[in-house]
Amino acid sequence: RERGSRSIGNTSLSITNMLRRRTNKESPSGGWNRHVFVFLVLTLNIAWMPHVVSRSSSSPWGTCHRPFGLRLLPNKRRLVRYGDAKADVDSQIENVKQTELFGFRGGADVLSPPTESEQSAADDATITDAEESSSADNATNPEELLNTTTAGLINLTNLVFGPTQTGDGSEADPDGIPDRFIRMQKGNRQQARDAYVATVQWRLENDVDTILSRAHPKYDICKKIFPHYFAGRDVLGHPIVVQRPGQLDFQLAHEQNISMDDLLFHYVFVLEYCWNILEPGPNGVMTSVVDMTGVSLRKCFAGEMREFIQKSIGVISENYPQRSHRTLVVNAPGWFGKLFKIIKPLLRESTRQKIAIFNAGAEQDKALAEYLGDSMPAELVVGTDVTPKGADEDGFEAGPKSIYEHDLRQLALAVLNAKGEQMEMC
């Protein structure tokens, strides 16, 4: 791992020096070529770090991966913490196995019972939770239930989820590690333990387990600042998420007092909904469509955009591993394809096979139709050879107005209503 990290750093430095020499030779002021080599180094870091860099502070990129500055609102009813962040991995694993961390779903059923003293502390810390919560089978008040088309009946009183799921391999694993973390580390148990413990800590520090049960009044504003949506399901039944980084509007964020933490809160909120409600299976994967419309070198260098991209990629790659089925980069500008050809040989074979890049045109439209089927958003179609399905009788269609987006927003509204709050508007 260390040799691989040094190799990455050396390769990045060599390419940087090469482009810097060309820049100085061809243009006294650097100009466009200077932007190219800076962007290339940034791209190398973003594309490569999630796959090979550990969370160790000794990595060439330091500790930028975790906790990514994500400071969510504290939950006063947090369950028992299981150890200091600086404790060694073995001690943390043992504490994870001995402490009941994860509320009512997702973890408590697969962890060993806590010790007597830990149980007493947990009872004191969570007595309010126990009094206010009930299972889906016992919920009788209609206001506690949200009926959705895409996710069925949701019990609003039981929206607590942990890092494990039934059938994810953690039940049989001696350390309680989900299979996804072991596959991410190619069977290296020590690295898998390291990664899993860091994820559990990240969830505890940011109260991620309860994020869906907490009010999110800035939901609509965050969606406008960073356009993204669940378009539907692809031809294999996987959820489709479309992201449009070129439309990131940080000016609107400033006007509405939306911080980077607010955007990351929203990002995690959507991910938790996806993997616990929309696609709750332990081996669920998604198809990502990244629309590059509006993306320019200048925007890539903007501090806030670069920071958000790095942090959001880090969150999903480190805490939700092995969740990608395929990534389709569409409407890619010419320079992006050229840069990707440079970094492509540096990526893992499994990663290369999952990524496809398309320029706007008939070939892109046909590929979207092949992968996405009836869930192809009309706004991504640029030609006339492919015709999107269109809206159904209820007015829902693949894209921002899909039934999946409707149900997600209904959940956010239902939680707000239960807490006596309202959605904030621009």
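Higher on the page you've got the structure.
A short tour of the structure in this document, coming up. Just so you know, these numbers come straight off a predicted model, no measurement behind them.

### Considering the pattern of salt bridges
Taken as a whole, this structure holds 12 salt bridges when the rule is applied. Taken together, the shared-partner salt bridges connect D173, D175, R189 and R193 into one network.

### Quick word on helix α11 (residues 303-319)
Over its 17 residues, α11 extends 24 Å from the first C-alpha to the last, a length consistent with the 24 Å expected when each residue adds 1.5 Å. Along α11, the positions that sit buried rather than exposed are M305, F308, K311, S312, G314, V315, S317, E318 and N319.

### Looking at the nonpolar core
By size, the foremost hydrophobic cluster in this structure holds 36 residues, and its most contacted members are L159, F230 and L411. At the level of elements, α9 (260-278) and α15 (403-418) are the ones that each hand at least two residues to this core. With 11 residues, the top contributor of residues to this core is α9. Those residues in contact with F230, other than ones at most four positions away along the chain, are I240, V241, V270, Y273, C274, L278, G399, S402, Y404, E405 and L408. Counting 16 residues, the second-largest nonpolar core is a separate cluster that includes L328, A356, F358 and V381.

### Description of the environment of M286
Summarising the element assignment, M286 is placed in strand β5 (residues 286-291). On the basis of relative accessible area, M286 is assigned to the buried category, the value being 5%. Note: C-alpha distance between M286 and W275 (11 residues apart in sequence) is 9.6 Å. Once you skip the residues sitting within four places of it in the chain, M286 turns out to touch H238, P239, V241, C274, W275, R323, S324, H325 and R326.

### What about unusual backbone geometry?
Positive phi is not limited to glycine here, since D207 has a value of about 50°. Looking at where D207 falls in the secondary structure, it is placed in the loop between α6 (189-205) and α7 (219-225). The backbone phi angle of N331 is positive, close to 55°, even though this residue is not glycine. By the element assignment, N331 lies in the loop between β6 (324-330) and α12 (334-343). Classification of N331 as buried rests on a relative accessible area of 13%.

### Looking at the packing of aromatic side chains
What the rule picks out here adds up to 6 aromatic pairs. Taken together, a centroid distance of 5.3 Å and an interplanar angle of 70° make the contact between F181 and Y196 edge-to-face. Here F181 is found in helix α5 (residues 179-184), whereas its partner Y196 is found in helix α6, with 15 residues between them in sequence. When sorted by exposure, F181 lands in the same class as Y196, which is buried. Here the aromatic rings of W202 and Y320 are separated by 6.2 Å at their centres, their planes lie at 85°, and the arrangement is edge-to-face. A residue pair is termed long-range when its members are at least 10 positions apart, and W202 in helix α6 and Y320 in the loop between α11 and β6 qualify at 118 residues. Like W202, the residue Y320 is buried in the burial classification.

### As for helix α14 (residues 362-372)
All of the buried residues along α14 are Q364, D365, A367, L368 and L372. Buried positions in α14, seen along its axis, are confined to an arc of 165° and lie on one side of it. In α14, the exposed positions that point more than 90 degrees away from the buried face belong to E363, K366 and E370. Backbone geometry just downstream of α14 places G373 in the positive-phi region, at approximately 65°.

### Description of the packing of α9 against α11
The interhelical angle for the contact between α9 and α11, taken along N-to-C directions, is 30°, at an axis separation of 11 Å. The interaxial crossing formed by α9 with α11 has right-handed handedness. Taken together, the residues of α11 that come into contact with α9 (itself represented by M260, L263, L264, Y267, V268 and L271) are E304, E307, F308, K311, S312, V315 and I316. Looking at the contact of α9 with α11 residue by residue, the classes come out as 9 nonpolar, 1 polar and 3 charged.

What counts, and where the lines are drawn
- Residues numbered from 1 in each chain as written.
- Predicted model: local features only at pLDDT ≥ 70, side-chain atom pairs only at ≥ 80, totals over all residues.
- Heavy atoms only, no water.
- Salt bridge = Lys/Arg side-chain N within 4 Å of Asp/Glu carboxyl O.
- Helix = DSSP H or I, 4+ residues; strand = E, 2+ residues; numbered from the N terminus.
- Expected span 1.5 Å × (residues − 1).
- Buried < 20%, exposed > 50% of the residue type's maximum accessible area, 1.4 Å probe, protein only.
- Core = buried A, V, L, I, M, F, W, Y, C linked by side-chain atoms within 4.5 Å.
- Contact = heavy atoms within 4.5 Å.
- Phe/Tyr/Trp six-rings, centres within 6.5 Å; stacked < 30°, edge-to-face > 60°.
- Arc of directions from axis to C-beta.
- Axes fitted to C-alpha atoms, helices over the stretch in contact; angles between N-to-C directions.
- Left-handed = near helix turned anticlockwise from the far one by under 90°.
- Nonpolar A, V, L, I, M, F, W, Y, C, P; charged D, E, K, R; others polar.

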